[in-house]
Amino acid sequence: MENLISLVNKIQRACTALGDHGENTALPTLWDSLPAIAVVGGQSSGKSSVLESVVGKDFLPRGSGIVTRRPLVLQLHKIEEGSREYAEFLHLPRKRFTDFVAVRKEIQDETDRETGRTKQISSVPIHLSIYSPNVVNLTLIDLPGLTKVAVEGQPDSIVKDIEDMVRSYIEKPNCIILAISPANQDLATSDAIKISREVDPTGERTIGVLTKIDLMDKGTDAVDMLEGRAYRLKFPWIGVVNRSQQDINKNVDMIAARRREREYFNSTPEYKHLAHRMGSEHLAKMLSKHLETVIKSKIPGIQSLINKTIAELEAELTRLGKPVAADAGGKLYSIMEICRSFDQIFKDHLDGVRPGGDKIYNVFDNQLPAALKRLQFDKQLSMENIRKLITEADGYQPHLIAPEQGYRRLIESSLITIRGPAEAAVDAVHALLKDLVHKAISETVDLKQYPGLRVEVGAAAVDSLERMRDESKRATLQLVDMECGYLTVDFFRKLPQDVDKGGNPTHSIFDRYNDSYLRRIGTTILSYVNMVCATLRHSIPKSIVYCQVREAKRSLLDHFFTDLGKMETKRLSSLLNEDPAIMERRTALAKRLELYRSAQAEIDAVAWSK
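Residues numbered from 1 in each chain as written. Predicted model: local features only at pLDDT ≥ 70, side-chain atom pairs only at ≥ 80, totals over all residues. Heavy atoms only, no water.

A count of helices and strands for the protein chain gives 24 helices and nine strands. Within the span of the protein chain, comprising 610 residues, buried residues form 50% of the whole. (Helix = DSSP H or I, 4+ residues; strand = E, 2+ residues; numbered from the N terminus. Buried < 20%, exposed > 50% of the residue type's maximum accessible area, 1.4 Å probe, protein only.)

Laid out in structure tokens, this is it:
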């Protein structure tokens, strides 16, 4: 039992140290899933005295009005007999308090540090651990006392503020409510019973404690309340007799006070039959035993939450990426690995593993042919243009058999227009490759982690693509220029010869350029140009793929890698600079993950040993 509650205490302290607790958050956390006991009562109901009786030490601030102004998470740890008692605050992790008067002062000082020297309240808890051979393993949360009116120095909203704070703790399904009510008041007016009934109407989570039994009017007793006839709860009511103010002023020893409490119940006729389950010692043991039972029942749910949270933390850490290496070699290796990852994603887009590469094929299969088809060869080969070029090519000496120079000029002037679609195809593929680079950058998880490296890789990849585009444009336009520079002779030799239609040199100059003759020339040249277009339709894509697509797959970051090898450590470090918020987030997540894995191992060990 002690090991189980100690384990929960340990996990709760670790959760709190990492800020992984449920106060003021709507998100379920490991802290929320771990059962704890919240102490609820009205002001001056004897709440502080009950806690001190359970601990066996004077350590809580006292005074009139609102004294507890911040939640106090009190964890009790039983240590070996004969060991010295001490206390530790979470906000002073390396300081041990052996003087409990100093503990009281530190609670007051820490409260003032948060709220100032006013009567304001704060929902930020104080975490205190007490190690003693005279306690049972237990976690208690002392909450500000409920009140009905605001006093001087407090805002009008203080009543609702305290109630909302108390409710935020006790409405959690894993919270055990320790409802403190004074016996010398009517239970119907008890603040603790009223609010616990609202959040726990069946009384399944509520344990009732009656204080000030010895201060009831003569002739009255608390038997009906203690036996559950006045207000029934699932668990029997427990009565306690706290020290009087005179005892406190005289510093009456807590051990002596417990002895007098036992004597009171054993010697008072009305309570003698209930004495075995009365008193602060019984209360502490009962709470510890009940807490253990609740923890055991919650273990499956705790395991489920831990496993789910571990998976979520691991996923987020993966998304954030690995921490930066410290040495130059490690930094260079990290950069190279990230670049290789980016390069592979880029290749996947081109190869069809990821979408995007099909758009390049669309340029070759649709865009280029459509552009070639839109070329207006008919205008270039109009009757007027043919007559003009052939006449000019003849010069002073008319052609003898066929106007070869005219043919060449007409073909060249037609083929030269193919440069436009060829250049447009190169630019279109270049734009698509740039888009794929940007996609690959956005899909490379590690590049999101390092903005500087992301910019450099993107710039280096685009620079490479521009060099490849320039080379591709040069090679592709050369294909067109080659067709202009050397005509396929066989095409013309295979044409049927008809001397009567323009081949007879005896005809006059005017007969030689008649419309029929010119149309024949235009038809012949158009057939040749169409043949060349069909050839270029296939050779232009080959040139583009060779110079751009294939080269991008092969050497997109080669220049960048060469530059990397020359960089100094400082420059490499600047490439791996990441957002400080991401670094902090990763560190926090790693600590949380370590906590949850440790908790998982320990909770699993307890579950298997049951």
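Once you've had a look at it, read on.
Enumeration according to the criterion identifies six aromatic pairs in this entry. Judged by centre distance (5.3 Å) and plane angle (85 degrees), the ring pair of Phe89 and Phe97 falls under edge-to-face. With respect to class, Phe89 is no different from Phe97; both count as buried. Ring pairing ties together the aromatic residues Tyr264, Phe265 and Tyr271, which thus form one cluster. Against the face of Tyr86 rests Arg96, its NZ or CZ located 4.0 Å from the ring centre. The lysine or arginine in question, Lys172, covers the ring of Tyr169, its NZ or CZ lying 5.5 Å from the ring centre. (Phe/Tyr/Trp six-rings, centres within 6.5 Å; stacked < 30°, edge-to-face > 60°. Lys NZ or Arg CZ within 6 Å of the ring centre and 35° of its normal.)

Moving on, we get to the nonpolar core. Ile335, Phe342, Phe346, Ile418, Leu453, Leu557 and Phe560 are the most contacted members of the largest nonpolar core, which totals 68 residues. For this core, the element with the most residues is helix α21 (residues 515-555), which contributes 13 residues. If we skip the residues at most four places from it in the chain, Leu453 touches Ile335, Ile338, Leu447, Phe560, Leu575 and Leu576. Within the second largest apolar cluster, 59 residues are counted, among which are Leu128, Ile130, Leu178 and Ile306. (Core = buried A, V, L, I, M, F, W, Y, C linked by side-chain atoms within 4.5 Å. Contact = heavy atoms within 4.5 Å.)

With 41 residues, helix α10 (residues 280-320) ought to run about 60 Å at 1.5 Å a step, yet its terminal C-alpha atoms sit only 51 Å apart, falling short of that. Maximum bend of α10: about 50 degrees, positioned at Ile299, with proline Pro300 one to four residues after it. (Expected span 1.5 Å × (residues − 1). Bend = angle between axes of the 7 residues up to and from the residue.)

For the protein chain, mean pLDDT is 83; residues scoring 70 or higher make up 87% of the total. Helix α16 (residues 419-443) holds the highest mean pLDDT among the elements of the protein chain, 96, whereas helix α20 (residues 509-512) holds the lowest, 52. In the model, residues 22-27 has pLDDT below 50 throughout and makes eleven contacts with residues more than four positions away in sequence or in other chains. Under a pLDDT of 50 for its full length, residues 505-510 has, in the predicted model, five contacts with residues more than four places off or in other chains. (pLDDT = per-residue confidence, 0-100.)

Moving on: the packing of helix α12 (residues 358-374) against α21. Where α12 meets α21, the closest approach of the two axes is 11 Å, and the angle between their N-to-C directions is 145 degrees. Here the hand of the crossing between α12 and α21 comes out right-handed. Only Cys533, Arg537, Ile540, Pro541, Ile544, Val545 and Val549 of α21 make contact with α12, whose side of the interface consists of Ile360, Phe364, Asp365, Leu368, Pro369 and Leu372. Residue composition of the contact of α12 with α21, by class: eleven nonpolar, no polar and two charged. (Axes fitted to C-alpha atoms, helices over the stretch in contact; angles between N-to-C directions. Left-handed = near helix turned anticlockwise from the far one by under 90°. Nonpolar A, V, L, I, M, F, W, Y, C, P; charged D, E, K, R; others polar.)

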